[in-house]
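Residue-level structure breakdown
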Amino acid sequence: MAGNSGGRLFYADLLRIAATFAVMVVHISGAWISEVPVDSAAWNILNLYDGLAHWCVPIFIMLSGMFLLDPQRELTLRTLFRRHILRIVVALVVWSLVYSLATSFLATRTLTVESFSAAVRNLVWGKLHYHLWFLPMILGLYLVTPILRGFVRGATARELQWYFLLVLIVTMLLPTVLALRPSKTVSSWLTQLDIRVVLSYAGYFVLGYCLKTCVLSPAMERLIYLLGIGGAVWSVLGTVWLSHIAGARFTFYNYNTPNVALMSAAVFLLFRRIFQNRKANRWVTGLSSITFGMYLCHDLFLQVLRGLGVTTLSFSPVLSVPLLSLVVFVCSALLAWLLSKLPLVGRLIT
């Protein structure tokens, strides 16, 4: 995740910290929701936390885009590769091996040469621990960053509007509609159109830069907040409704859905509105600087909780989700801070 070197933005640092905590809420609330019946009180509470925190990953992507796509910030190919791409590659290799070995150890209570060989094979074959999917995704965005920088530097307001309209329709609306009402005809045409420039997470990358630099009218900003609230309501209640009908969990939590996108944009603007003129705080800056490492290492502590038999169902989910999230957040911060002190590789893996 690209940092904001060359001048701190307090709201960006706070957003990065908040998104890191929200990731932990998502993983803790979602880890045990399948163990309780749909429509039960515990299921509804876990679903509420899970649904309301899913702006986390889009915010990470938007934060990277807001800095890396800014034409006012010089970014040579050399700098991109040395400071950003290399960091992701090293983190991907190191943490993929760490989680493969940790999984093997928890299963067998031993580590062998075969365990290490299996970990290397998993890395080569792209069999990553579930939360490490973020690394190859952001790596892909970094690789096309020079192209996207050229696009946002020269694009007119109308061209940016057209780009986001395509993102909304092709990446978010149509896939969501097709999930609700499958259509082979529409799916076939969507596949054959294959508009890759607006697929996946590039829209969030560009949106981060636009929301940082754009000047919105008060009416437009209020509209985005209202749409964000609507997206949050749909994330939670839409999941409740369709899960009740299906008799099994049916979520609207995909990061490329309109409701999550609206939530994410609203959260970004809210932090910018409240904290834009605040000066950098060294504690916030310090914590923000290790959030990448916190994201990478936090699942180790989730595995510890599982090993100890502690779950969100050990006591009331109303309390268990925020408390366990806070415990994992603090432990992750301590470990990431310690790892950041390692010579040579500390900066690359945190």
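Residues numbered from 1 in each chain as written. Predicted model: local features only at pLDDT ≥ 70, side-chain atom pairs only at ≥ 80, totals over all residues. Heavy atoms only, no water.

Under an unreviewed UniProt entry, the protein has the name Acyltransferase family protein and belongs to Candidatus Flavonifractor merdigallinarum. Listed in UniProt under the heading Sequence similarities (unreviewed entry), the comment for the protein reads: "Belongs to the acyltransferase 3 family." UniProt, in its Subcellular location (unreviewed entry) section for the protein, records the words "Cell membrane". (UniProt positions renumbered as here; feature names shortened; annotations may be inferred.)

Turning to the side chain of Asn47, a few remarks are in order. By the secondary structure assignment, Asn47 is in helix α2 (residues 41-52). Assessed through its relative accessible area of 0%, Asn47 is described here as buried. There is a polar contact of 2.2 Å between the side chain of Asn47 and the side chain of Tyr253. The residues contacting Asn47, other than those within four sequence positions of it, are Ile33, Val236, Thr239, Val240, Arg249 and Tyr253. (Helix = DSSP H or I, 4+ residues; strand = E, 2+ residues; numbered from the N terminus. Buried < 20%, exposed > 50% of the residue type's maximum accessible area, 1.4 Å probe, protein only. Polar contact = N/O pair within 3.5 Å; in protein donor to acceptor, adjacent residues only side chain to side chain. Contact = heavy atoms within 4.5 Å.)

As a further point, take the nonpolar core. Ranked by internal contacts, the top residues of the largest apolar core, which has 95 residues, are Ile59, Ile61, Trp95, Tyr204 and Phe268. At 13 residues, helix α1 (residues 10-31) tops the list of elements feeding residues into this core. Look past the residues within four positions of Ile59 in its chain and what remains in contact with it is Leu15, Ala19, Ser264, Val267 and Phe268. (Core = buried A, V, L, I, M, F, W, Y, C linked by side-chain atoms within 4.5 Å.)

Next up on the list: unusual backbone geometry. Phi at Asp39 is positive, roughly 80 degrees, even though this residue is not glycine. Mapped onto the fold, Asp39 is located in the loop between α1 and α2. The partly exposed category is assigned to Asp39, whose relative accessible area is 35%. Look at Leu344: it is not a glycine, yet its phi comes out positive at around 70 degrees. Within the fold, Leu344 resides in the loop between α15 (317-340) and α16 (346-349).

Moving on, we get to the packing of helix α8 (residues 157-180) against helix α10 (residues 202-213). At a minimum axis distance of 10 Å, the contact between α8 and α10 shows a crossing angle of 145 degrees. Crossing angle aside, the handedness with which α8 passes α10 is left-handed. Contacts between α8 and α10 pair Leu160, Tyr163, Phe164, Val167 and Met172 from the former with Ala202, Gly203, Tyr204, Val206, Leu207 and Cys210 from the latter. (Axes fitted to C-alpha atoms, helices over the stretch in contact; angles between N-to-C directions. Left-handed = near helix turned anticlockwise from the far one by under 90°.)

Take a nonpolar patch on the surface next. Residues Leu77, Phe81, Leu143, Val144 and Ile147 make up a contiguous nonpolar surface patch of about 480 Å² in total accessible area. Mapped onto the secondary structure, Ile147 falls in helix α7 (residues 145-154). (Patch = residues over 30% accessible without salt bridge, like charges linked within 9 Å, V, L, I, M, F, W, Y side chains within 5 Å. Areas by Shrake-Rupley, 256 points an atom, 1.4 Å probe, with all protein chains shown as cover. Salt bridge = Lys/Arg side-chain N within 4 Å of Asp/Glu carboxyl O.)

With that out of the way, let us pick up the side chain of Thr20. You can see Thr20 is positioned in helix α1. With a relative accessible area of 1%, Thr20 lands in the buried category. From its side chain, Thr20 meets the backbone oxygen of Arg16 in a polar contact 2.8 Å long. Contacts of Thr20, omitting those with residues within four sequence positions, involve Phe60, Thr291, Met294, Tyr295 and Phe329.

In this structure the tally under the stated criterion is seven salt bridges. The salt bridge partner of Arg249 is Asp50, with a shortest N-O separation of 2.7 Å. Separated by 199 residues along the polypeptide, Arg249 in the loop between α11 (218-246) and α12 (258-275) and Asp50 in helix α2 bring together distant segments of the chain. For Arg249, a relative accessible area of 33% gives the class partly exposed. With a closest N to O distance of 2.8 Å, Glu114 and Arg121 form a salt bridge. A relative accessible area of 33% means that Arg121 is categorised as partly exposed. Taken together, the shared-partner salt bridges connect Arg8, Asp13 and Arg16 into one network.

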